[in-house]
Amino acid sequence: MAISKKVKSVLDGASWIRRMFEEGEEMKRIHGEENVFDFSLGNPDVEPPDSLKKQLKALADNPVLGMHRYMANSGYSETRSAIAAVLAEESGLPFQEDHIVMTVGAAGGLNVILKTILDEGEEVIVPSPYFVEYRFYIDNAGGSLRLVDTNEDFSLDVDAIEKAIHRNTKAVLINSPNNPTGVVYSHESLEALGKVLERKSRELGKTLYLVSDEAYKRLVYDHITLPVVFHYYPHTLRVISHSKDLALAGERIGYIAINPKCEDIDELIAGLVFANRTLGFVNAPALMQRLVGSLQKNSVNIHAYEERRDLFYNTLTAFGYPVVKPQGAFYLFPKAPIEDDVAFTRELQEKRILVVPGRGFGKPGHFRIAYCVDKAKIEKALPGFKEAAEKYNLKAERGK
Ligand SMILES: Cc1ncc(COP(=O)(O)O)c(C=O)c1O
């Protein structure tokens, strides 16, 4: 066999997201792009803000000497200082450039953190449903994943997290706004989680880490403000991506921010920088670093996403699908009308609608819709959702 048993077994169980996406590509070849309603992949359909394009042009016209060379593994000092200044303003904490490590997207950042903090066999607790790639990232670092269910409304079940923590636990990895549910974790739940982590760290005589994946940080709706995770627990590492807020998914740029109050911070930073280098990233892409430092308060047009969220949410609940109203990201995670989410997904597929079964996120009986898709396409797909709802006699009052 050409590949390891481990990789083989993973490939055999291929990711549901990828599987649906690939089947969608095939359907588009057969039926034509405009006749397939593909809500399978979280790939932003909007373009980066004009401010980014302007800067890119200015840089190309006035190149900085050495701008394509190697640099410090943590990234350019100017970029990290600019980010630290914005974080200091946001949090009131003394962020400085050393607290920032530029990474190859959030995926790179998470791998760097896990490689840095995990010893072989140590556990990372992840609330479920969850972004399935975590399983592989944790495995890459020799750790193991422990899933803990969220509440009915997908909010954090802090008591369940507390019960799951034991002497082999190293970190809790949360994701808000959440993929796949779009839920934003509340101030109260983060406060409770912070207290649990403080107490359990004391009891176990070790530092537990809170890793906060905020890949969708700036995609929040209803005028809500995302709670600042650093306020709830000192040993917090936040991972940021510009894949979604600046629509730069293919450019692979993000960063890790380390709470300045974290214990043994110098050692931790040295570990992160080492992992960034030796995982083979070496450093985050140079050109993108030059651009994103000054764009920390910019983002794509969030209102376009909010409008699609409203359209999908209002219509699906009117059809009778039970859906928790998402407050961020660009996903909805409705309950399927039948227990078998794969069978239901296949039924939608017959109507040329592509969604991902909930079991792909550790939560069967649901399905995920990624609405980073043109509004006109959503409108064309809605009758298919209606037909499926009628087939199973869904009633509007079941919506919540
Ligand atoms: C929850 C979550 N974390 C991390 C990532 C990876 O983001 P990036 O493109 O920055 O690596 C994604 C991508 O979809 C995601 O949904």
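Because the structure is a prediction, the values reported are computed rather than measured.

**Observations concerning the packing of aromatic side chains**
Phase 1: A full pass over the atoms with the stated rule returns 16 aromatic pairs.
Phase 2: Relative to Phe385, the ring of Tyr321 has its centre 6.4 Å away and its plane inclined at 80°; by these criteria the two rings are edge-to-face. You can see Tyr321 sitting in the loop between helix 11 (302–319) and strand 9 (331–332) and its partner Phe385 sitting in helix 13 (residues 375–391), a full 64 residues away along the chain.
Phase 3: Overall, the relative accessible area of 0% leaves Tyr321 in the buried class.

**A closer look at the site of the ligand**
Phase 1: Around the ligand, a shell composed of 14 residues is seen, among which Asp213, Tyr216, Ser241, Ser243 and Arg252 lie nearest.
Phase 2: In this structure, a nitrogen atom belonging to the ligand sits 2.6 Å away from a side-chain N or O atom of Asp213.
Phase 3: Contacts to the ligand include Arg252, whose side-chain N or O atom sits 2.6 Å from an oxygen atom.
Phase 4: Coverage of the ligand by the protein chains reaches 91% of its 400 Å² of free accessible surface.
Phase 5: Of all the elements, helix 5 (residues 105–117) adds the most residues to the shell around the ligand, at three residues.
Phase 6: Looking at the shell around the ligand residue by residue, the classes come out as six nonpolar, five polar and three charged.

**A closer look at the packing of helix 5 against helix 9 (residues 265–278)**
Phase 1: At a closest axis distance of 8 Å, the pairing of helix 5 and helix 9 adopts a crossing angle of 120°. The orientation of helix 5 with respect to helix 9, classified from their angle, is oblique. Every pair of crossing elements has a handedness; the one defined by helix 5 and helix 9 is right-handed. Side by side, helix 5 and helix 9 meet where Val112, Ile113, Lys115, Thr116 and Ile117 of the first sit next to Leu268, Gly271, Leu272, Ala275 and Asn276 of the second.
Phase 2: Considering only residue class, the contact of helix 5 with helix 9 consists of six nonpolar, three polar and one charged.

**Here we look at the sheet that holds strand 5 (residues 169–175)**
Phase 1: Taken in spatial order, the seven strands line up as 2-8-7-6-5-3-4 in an open sheet, and their pairing is mixed. With partners counted over all chains shown, the strands left at the sheet margins are strand 2 (100–103) and strand 4 (144–149), one partner each. The average angle at which neighbouring strand axes cross in this sheet is 25°, direction not considered.
Phase 2: Relative to strand 8 (residues 254–258), strand 2 runs antiparallel, the two being bridged by four bridges. Of the residues in strand 8, the one forming a bridge with Thr103 is Gly254.
Phase 3: Taken strand by strand, helix 6 (residues 133–140) contacts strand 3 (123–128), strand 4, strand 5 and strand 6 (209–214), and its axis lies near 145° from that of strand 4.

Thresholds, definitions, all that
Residues numbered from 1 in each chain as written. Predicted model: local features only at pLDDT ≥ 70, side-chain atom pairs only at ≥ 80, totals over all residues. Heavy atoms only, no water. Phe/Tyr/Trp six-rings, centres within 6.5 Å; stacked < 30°, edge-to-face > 60°. Helix = DSSP H or I, 4+ residues; strand = E, 2+ residues; numbered from the N terminus. Buried < 20%, exposed > 50% of the residue type's maximum accessible area, 1.4 Å probe, protein only. Near = heavy atom within 4 Å. Polar contact = N/O pair within 3.5 Å; in protein donor to acceptor, adjacent residues only side chain to side chain. Areas by Shrake-Rupley, 256 points an atom, 1.4 Å probe, with all protein chains shown as cover. Nonpolar A, V, L, I, M, F, W, Y, C, P; charged D, E, K, R; others polar. Axes fitted to C-alpha atoms, helices over the stretch in contact; angles between N-to-C directions. Parallel < 35°, antiparallel > 145°, perpendicular 65-115°, else oblique. Left-handed = near helix turned anticlockwise from the far one by under 90°. Contact = heavy atoms within 4.5 Å. Pairing = 2+ DSSP bridges.

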